[in-house]
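The lines below spell out each chain.
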Amino acid sequence: MTAALINVPKKARNGDIIEIKTLTSHVMETGYRHTPRGEVIPRDIITSFTCRFEGDEIFHADFFPATAANPFLSFFTTATKSGKFDFEWIGDNGFSQTASASITVE
Amino acid sequence: MKVVAAIVLSSLLIAAGIVLRPLIATEIPASERRSGYTFMSPDTKAMQDDDTTNPGMLGVIEGEALWNRKGGSADKSCADCHHDAKVSMKGVAARYPSYDKVLGGPVNLEQRINLCRARHQQADPLPYEKHDLLALTTYVAEQSRGMPITPDPTPELQPFVAKGRDLFMHRQGQLNLACTNCHDDNWDKHLASSAVTQGMPNGYPIYRLDWQSLGSLQRRLRNCITGVRAQNYDYGAPELVELELYLMSRARGMPLETPAVRP
């Protein structure tokens, strides 16, 4: 079971720089740890994150081992028109999580 | 002559800081009781305060889904009996552990959830400290966020609170330390760079950055017991529930912060 928390301002004025914050649940197992019996705990991480606005990619991040569990991302964009942000996380073992949020630009 | 010698000896010991004050005198006065929150850095406080940066809120979202999921041979969800948790669970976590008439003793929130599963859902218990039980407990406890801790006043519970207090005051382990030696006597000091704190139970389940996950009060207690190199209690052991009871009575009136973030 996964969950995501998105924080996008509901309203902004044209030209405003807005902050987008995302948080998603994931164990981010590095693949470098061992069990007490010496077996390697297999890697299980998010490998990429993409944010699209009205279909156009505006932010992308690749993830690597040693990112903390439940990764938090904050980034900025300029509000130009009303529309919808789509967020997508992709990871090991077929992990996929999506979320979306809308903004009204006046 | 003997009396004079005793007085001289004891004043020397007191001067050297060797004689411990009586335990009862070292309990923190109500006016000086502080949440663990007040010991945190501004960054960690900010993380807890904003629901979109507090990773514990992920547990609340997941717990809400579990609240509405049907299960067990009765094919019932929590919501089928308790309806909207925002109404029915408000204030519940602030008075737990609570008295269970059938068992004749205290049960904590996790145990209550599993009792409910056994008695009303005919479902298997959720394993302690695993994701589902933590998420569900966090969701239930979050409904009491901001409410003052008001321990269950049932008279039958009082002997268990007293047992919890005894354990809190009891020296144990290879380091021969009681909870009180740090959390009553030295809460304003540091262990390495970490604040000792007063050991208040008002934010559980917490999202602990060190754990990178949610964890229960019992996980935290077990951490400390390992820290003093004492023999640990299993999850759900009566001793740990009694300790939870005493800690809640010690934090009476303090607002609940679940899901709190701690370093």
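Nothing here was measured: the structure is a model prediction, and the numbers come from that model.

J.: Which residues make up the confidence of the model for chain B, and what values do they have?
T.: Residue and element names in this part refer to chain B. Here chain B averages 91 in pLDDT, and 90% of its residues register 70 or above. Counting interchain partners and residues more than four positions distant, the pLDDT-below-50 stretch residues 12–25 has eight contacts. Model confidence for the complex is summarised by a pTM of 0.88, with the ipTM given as 0.87.

J.: Quick one: what's the story with the packing of aromatic side chains, residue by residue and with numbers?
T.: All told, the structure shown has eleven aromatic pairs over all chains when counted by the stated rule. Here Phe59(A) and Phe75(A) contribute two aromatic rings whose centre-to-centre distance is 4.0 Å and whose plane-to-plane angle is 0°, an arrangement assigned as stacked. Of this pair, Phe59(A) sits in strand 5 (residues 56–62) while Phe75(A) sits in strand 6 (residues 72–78), and the two are 16 residues apart along the sequence. On the accessibility criterion, Phe59(A) (23% relative accessible area) is partly exposed. We classify Phe75(A) as buried; its relative accessible area is 4%. Pairwise contacts between aromatic rings join Phe49(A), Phe53(A), Phe59(A), Phe75(A), Phe85(A), Phe87(A) and Trp89(A) into one cluster. Here the basic side chain of Arg34(B) rests over the ring of Phe39(B), its NZ or CZ set 4.1 Å away from the ring centre. Over the ring of Tyr235(B) we find Arg222(B), and its NZ or CZ is 4.3 Å from the ring centre.

J.: I'd like a description of the sheet that holds strand 6 of chain A, backed by residues and values.
T.: If you walk across this open sheet you meet the three strands as 1-3-6 (chain A), and the pairing is antiparallel. Both outer strands of the open sheet, strand 1 (4–7) and strand 6 of chain A, are each paired with one neighbouring strand and no more. Here the strands of the sheet are splayed against their neighbours by 15° on average, with no regard to which way each runs. Judged from the seven bridges that link them, strand 3 (residues 17–24) of chain A and strand 6 of chain A form a sheet pairing that is antiparallel. Each residue of the ladder has a partner; that of Thr22(A), found in strand 6 of chain A, is Leu73(A). Its contacts with the sheet place helix 3 (residues 56–67) of chain B against strand 1 and strand 3 of chain A, and it is angled at close to 120° to strand 1 of chain A.

J.: Any details on the interface of chain A and chain B? Residues and values, ideally.
T.: Facing the 15 residues of chain A at the interface are 15 residues of chain B. Both faces combined, the contact of chain A with chain B buries some 1100 Å², and carbon together with sulfur accounts for 68% of it. For the interface between chain A and chain B, the tally reads one salt bridge. Close ionic contact of Asp50(B) with Lys21(A) constitutes a salt bridge, the shortest N to O distance being 2.9 Å. In this structure, the connection of chain A to chain B is made through five residue pairs in polar contact (both at pLDDT 80 or more).

J.: Got a sec to walk through the side chain of Glu110(B)? Specific residues and values, please.
T.: Residue and element names in this part refer to chain B. Mapped onto the fold, glutamate 110 is located in helix 6 (residues 109–121). The charged side chain of glutamate 110 is buried without a salt bridge, its nearest counter-charge being arginine 112 at 11 Å. The contact partners of glutamate 110, leaving out residues within four places of it in the chain, are Tyr128, Leu133, Thr137 and Ser216.

J.: Explain the sheet that holds strand 8 (residues 96–105) of chain A to me, and be specific about the residues and the numbers.
T.: Residue and element names in this part refer to chain A. One open sheet holds the five strands; their spatial order is 2-8-7-4-5, and the pairing between them is mixed. Looking at which strands have only one partner, the edges of the open sheet turn out to be strand 2 (11–12) and strand 5. Sheet topology note: the strand 2/strand 8 ladder contains two bridges and is parallel. In the strand pairing of strand 8, lysine 11 is matched with threonine 104.

Conventions and cut-offs
Residues numbered from 1 in each chain as written. Chains lettered and ligands numbered in written order. Predicted model: local features only at pLDDT ≥ 70, side-chain atom pairs only at ≥ 80, totals over all residues. Heavy atoms only, no water. pLDDT = per-residue confidence, 0-100. Contact = heavy atoms within 4.5 Å. Phe/Tyr/Trp six-rings, centres within 6.5 Å; stacked < 30°, edge-to-face > 60°. Helix = DSSP H or I, 4+ residues; strand = E, 2+ residues; numbered from the N terminus. Buried < 20%, exposed > 50% of the residue type's maximum accessible area, 1.4 Å probe, protein only. Lys NZ or Arg CZ within 6 Å of the ring centre and 35° of its normal. Pairing = 2+ DSSP bridges. Axes fitted to C-alpha atoms, helices over the stretch in contact; angles between N-to-C directions. Buried area = accessible area lost by both parts, 1.4 Å probe. Salt bridge = Lys/Arg side-chain N within 4 Å of Asp/Glu carboxyl O. Polar contact = N/O pair within 3.5 Å; in protein donor to acceptor, adjacent residues only side chain to side chain. Lys, Arg positive; Asp, Glu negative; His and termini not counted.

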